[in-house]
Amino acid sequence: DLDLEFVSLTKRYGDTIAVDAVSYHFGAGTYACLLGPSGCGKSSTLRMVAGHESVSDGSVLLGGRDISHLPPAKRGTAMMFQNYALFPHLSVADNVAFSLKMKGVDAAVRARHAGEMLELVDMSGFADRLPAQLSGGQQQRVALARALITEPDVLLLDEPLSALDPFLRIRMRAELKRLQRELGITFIHVTHGQDEALALADEIVVMNDARIEQAGPTRAVFDAP
Ligand code: ADP
Ligand code: ADP
């Protein structure tokens, strides 16, 4: 269980300052939602934590260790996207086990781990399907399994539920909270839905114009005058 800290984290794209010296501490195992208007710097923040975008200044510490210059696969983070980004020609099991294949883990071990992960997200029995044969909600569970198989300390989610219909969205919220309880990992979930944040978050970080405008336990943030 590792805590996550942003120290003066900064992202510049040319003259645009997308994230402006943001400092914040997330306790280990917390479910945090990052809220704020479009363009305020939420995705850039998440991508810097994941390592999909370089840090312009400052750092990201995980368990006190500076991870901001490590390759994405070596950070202890995993990211799940809005559009799932599953490989269309690979089976569900091969999608889930993809990162293990990259690491050279042998086929039998990969299949066993993928099976465990599919069980965790309630998708046992779908291992041999192709992504196109699944509903949006099912594809999302597969994407979740694919992120979790790397055993991350921090799971990063960028608007993960926004493509789902309202019924599935409610169900996936419950699934995410269950995973938080079972795995004890830290969640950083970008959303612009206040209702979503209220339903999921232990802690809310509100960004505006590249900075943190307000942050704290969910109740305190939503009850603030
Ligand atoms: P949010 O996720 O809150 O919508 P982003 O992090 O995507 O915000 O964007 C923050 C700011 O950085 C915006 O002004 C956006 O236009 C700019 N931006 C984001 N990505 C890039 C990029 N790759 N190149 C240039 N500007 C970018
Ligand atoms: P979001 O608002 O969900 O973060 P965007 O639609 O703003 O997503 O951005 C989608 C992609 O376009 C991202 O990869 C981002 O880096 C890039 N992008 C966003 N704004 C700009 C920009 N002003 N110039 C160049 N690339 C950008």
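As a reminder, the structure under discussion sits directly above these lines.
Definitions and cut-offs
- Residues numbered from 1 in each chain as written.
- Chains lettered and ligands numbered in written order.
- Predicted model: local features only at pLDDT ≥ 70, side-chain atom pairs only at ≥ 80, totals over all residues.
- Heavy atoms only, no water.
- Near = heavy atom within 4 Å.
- Polar contact = N/O pair within 3.5 Å; in protein donor to acceptor, adjacent residues only side chain to side chain.
- Areas by Shrake-Rupley, 256 points an atom, 1.4 Å probe, with all protein chains shown as cover.
- Helix = DSSP H or I, 4+ residues; strand = E, 2+ residues; numbered from the N terminus.
- Nonpolar A, V, L, I, M, F, W, Y, C, P; charged D, E, K, R; others polar.
- Axes fitted to C-alpha atoms, helices over the stretch in contact; angles between N-to-C directions.
- Parallel < 35°, antiparallel > 145°, perpendicular 65-115°, else oblique.
- Left-handed = near helix turned anticlockwise from the far one by under 90°.
- Contact = heavy atoms within 4.5 Å.
- Core = buried A, V, L, I, M, F, W, Y, C linked by side-chain atoms within 4.5 Å.
- Buried < 20%, exposed > 50% of the residue type's maximum accessible area, 1.4 Å probe, protein only.
- Disulfide = S-S within 2.5 Å.

**Q** Give a description of the site of ligand 1 that names residues and reports values.
**A** Tyr13, Thr16, Ala18, Pro37, Ser38, Gly39, Cys40, Gly41, Lys42, Ser43, Ser44 and Arg47 make up every residue found near ligand 1. Contacts to ligand 1 include lysine 42, whose side-chain N or O atom sits 2.9 Å from an oxygen atom. Between ligand 1 and serine 44 there is a distance of 2.6 Å, counted from an oxygen atom to a side-chain nitrogen or oxygen. In the complex, 60% of the free accessible area of ligand 1, which totals 550 Å², lies under the protein chains. When residues of the shell around ligand 1 are traced back to their parent elements, those giving at least two are β2 (16–26) and α1 (42–50). Of all the elements, α1 adds the most residues to the shell around ligand 1, at 4 residues. Per-class residue counts for the shell around ligand 1 are 4 nonpolar, 6 polar and 2 charged.

**Q** Which residues make up the packing of helix α5 (residues 136–148) against helix α6 (residues 166–183), and what values do they have?
**A** In contact at an axis separation of 11 Å, α5 and α6 are set at 20° when each is read in the N-to-C sense. With respect to α6, the axis of α5 lies roughly parallel. Seen from above, α5 lies across α6 with right-handed handedness. Across the interface between the two elements, Gly137, Gln140, Arg141, Leu144 and Leu148 of α5 pack against Leu168, Arg171, Met172, Glu175, Leu176, Leu179 and Leu183 of α6. Of the residues in the contact of α5 with α6, the class split is 7 nonpolar, 2 polar and 3 charged.

**Q** I'd like a rundown of the nonpolar core, residues and numbers included.
**A** Val96, Leu144, Leu148, Leu155, Leu157, Leu176 and Phe187 are the most contacted members of the largest nonpolar core, which totals 42 residues. When residues in this core are grouped by element, the largest group, 6 residues, is from α5. Core analysis: the next-biggest nonpolar cluster, separate from the first, contains 26 residues, Ala18, Val22, Leu34 and Val60 among them.

**Q** An account of the state of the cysteines is requested, with residue identities and associated values reported.
**A** Scanning all chains against the criterion turns up 0 disulfides. Free of any disulfide, cysteine 33 has its nearest neighbouring cysteine sulfur in cysteine 40, separated by 13 Å. For cysteine 33, a relative accessible area of 1% corresponds to the buried category.

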